[in-house]
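# Structure at a glance
Here is how the chains run, residue by residue.
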Amino acid sequence: MIPFLDLKGINAQYRNELIEAATQVIDSGWYVQGTHVKAFEHEFADYCGTKHCIGVANGLDALILVLRAWKELGRLKEGDEVIVPANTYIASILAITENRLKPILVEPDEHTYNLAPGLIEQAITANTKAILAVHLYGQLAPMPEIMAMAKKHNLLVLEDSAQAHGAQIDGKKAGNWGDASGFSFYPGKNLGALGDAGAVTTNDDALAQTIRALGNYGSHKKYENLYLGVNSRLDEMQAALLRVKLKHLDQETKRRQQIAAMYCEGINNPSIALPIQDSKLNIKHCASHVWHLFVIRTTEREKLQTYLTEQGIQTLIHYPIAPHHQKAYQAWSNQSYPITEAIHNQVLSLPISPVMPINDCEKVISALNEWCLDD
Ligand SMILES: *Cc1c(COP(=O)(O)O)cnc(C)c1O
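Residues numbered from 1 in each chain as written. Predicted model: local features only at pLDDT ≥ 70, side-chain atom pairs only at ≥ 80, totals over all residues. Heavy atoms only, no water.

Here is the rule: UniProt positions are given in the numbering used here, feature names are shortened, and annotations may be inferred rather than shown by experiment.
Per an unreviewed UniProt entry, the protein chain goes by dTDP-3-amino-3,6-dideoxy-alpha-D-galactopyranose transaminase and derives from Hydrogenovibrio crunogenus. Listed in UniProt under the heading Sequence similarities (unreviewed entry), the comment for the protein chain reads: "Belongs to the DegT/DnrJ/EryC1 family."

Structure, rendered in structure tokens:
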């Protein structure tokens, strides 16, 4: 079986370095809020080009804490509208509703699956206060246009960079475009810990301070509590392991890009639509895709997935149910988002990883090219 993602193989590449890092933490006797977290925060902020990085427990918390901090700072209040793509992973939307803000679901661009400036503009009202721009599948949303629009309408911009570590437009990376950004280091993400982990990046000093306090019981100073905070911290073990993984991230991204290029050149079945890079549509900017996922589209998705399984190729669907059709958001069940619904019915993610053998990539390409809709 060609696995969708060989996580064991990815981490096995760095087995010795990871064991060395874990041993250091075990032997240090210091497991929370220590030197590895501080060092990782520094290194990841450097990597993104931002002034601050604040380690938190996971990617969802990163997004929740940014919005919460903006409320504490008086920049948002309950009921304010936040624009978010209707086809995002549910965590982006959970961060909004958790803060009692109002998500305004907006259809994405049907080619890039990211927010489209024209469709955002139509959704802006007097109550709109922020845009949550998701960099879905590893490609940045059109940030130059989104930032210009945010400036014009005086909106905050939060990036959901959980799938886009290192992706850039004109040399500026994910996490350094908006007023703040949330990252996930869930094991399967491009920069993956060996457990749950996340971070916020920002260039805003006040925001960074507030998030740090909120994630530490609301305390900015030991035993003094400014806010009704939570406990959401990155721990020393995950930080130490992430420092190892971060050193290899760019090399891993290159391998993903090589596989994606092979897929794009090799797959030529007229029943299958390939992913479209924004940079190919929009020649004004130079963008890089980090291929967290390689997502194809077909109207016969179930048939194609069954066929690939029979061929020994594991695929996944990102995502099978649109957020507005989830039971958790029952109140939205009669809303209609045709582009989003078509995406959820048609997308299929092919195996892609930094350790995928070229041979396997060729097998996937042949299997797809031999697939006949009438079979
Ligand atoms: C993974 C993911 C999250 C949530 O991150 P966790 O670390 O799993 O909490 C949020 N948004 C997107 C787009 C994601 O892919």
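From this point, things continue past the structure.
### Some remarks on helix H4 (residues 59-72)
The line we're drawing: The numbering of helices and of strands both runs from the N terminus, where a helix is a DSSP run of H or I of at least 4 residues and a strand a run of E of at least 2. Given a helix with a known number of residues, its expected span is that number minus one, times 1.5 Å. Partly exposed describes any residue whose relative accessible area lies between the buried limit of under 20% and the exposed limit of over 50%, with all areas from a 1.4 Å probe on protein chains only and scaled to the type maximum. Between two residues, a contact is recorded if the distance between any of their heavy atoms is within 4.5 Å. Any N or O atom pair separated by 3.5 Å or less is treated as a polar contact, with the protein-specific requirement of one donor-capable and one acceptor-capable atom, and with residues adjacent in sequence counted only for side-chain atom pairs.
Over its 14 residues, H4 extends 20 Å from the first C-alpha to the last, a length consistent with the 20 Å expected when each residue adds 1.5 Å. The element H4 is extensively covered by neighbouring structure, given that 11 of its 14 residues are classed as buried. Within H4 the residues assigned to the buried category are Gly59, Asp61, Ala62, Leu63, Ile64, Leu65, Val66, Leu67, Arg68, Ala69 and Trp70. In this structure, the buried residues of H4 make contact with strand E1 (52-56), helix H5 (90-98), strand E5 (156-160), strand E8 (180-184), strand E9 (198-202) and helix H8 (205-214). Between the side-chain oxygen at the start of H4 and the backbone nitrogen of Leu60 there is a gap of 3.1 Å, and the oxygen is on Asn58. One or two positions beyond H4, positive phi appears at Gly74, with a value near 80 degrees.

### Observations regarding the layout of surface pockets
We count it as follows: Within this scheme a cavity is a closed region of a 1 Å grid, computed over the protein atoms alone, that accommodates a 1.4 Å probe without allowing it to escape, whereas a pocket is open but has protein on both sides within 12 Å along at least five of seven lines; lining residues each have an atom within 4 Å of a point. Grid points are joined across faces, edges and corners, and a volume is the space filled by probe spheres set on the points. Each residue is assigned to one of three groups, with Ala, Val, Leu, Ile, Met, Phe, Trp, Tyr, Cys and Pro labelled nonpolar, Asp, Glu, Lys and Arg labelled charged, and all others, Gly among them, labelled polar. Each domain span listed reflects an automatic or database assignment of domains.
Empty space within the largest pocket amounts to approximately 600 Å³. Along the walls of the largest pocket sit 32 residues, with Tyr89, Gln163, Tyr186, Lys189 and Tyr319 positioned nearest its centre. Mapped onto the lining of the largest pocket, the elements with two or more residues apiece are H4, H5 and E8. With four residues, the single largest contributor to the lining of the largest pocket is H5. Class assignment of the residues belonging to the lining of the largest pocket gives a composition of 18 nonpolar, 10 polar and four charged. Residue-level mapping places the lining of the largest pocket at the junction of two domains, with at least three residues from each of domain 1 (7-242) and domain 2 (249-370). The volume enclosed by the second largest pocket comes to roughly 340 Å³. Contributing to the lining of the second largest pocket are 17 residues, with Gln33, Val37, Glu41, Arg212 and Asn216 lying nearest its centre. If one sorts the elements of the lining of the second largest pocket by residue count, helix H3 (residues 35-48) sits on top with four residues. Here the lining of the second largest pocket is built from residues that sort into five nonpolar, eight polar and four charged.

### Quick look at the UniProt feature "modified residue: N6-(pyridoxal phosphate)lysine" (unreviewed entry) in the protein chain
Under the UniProt annotation, the feature "modified residue: N6-(pyridoxal phosphate)lysine" (unreviewed entry) is placed at Lys189. Inspection of the secondary structure assignment puts Lys189 in the loop between E8 and E9.

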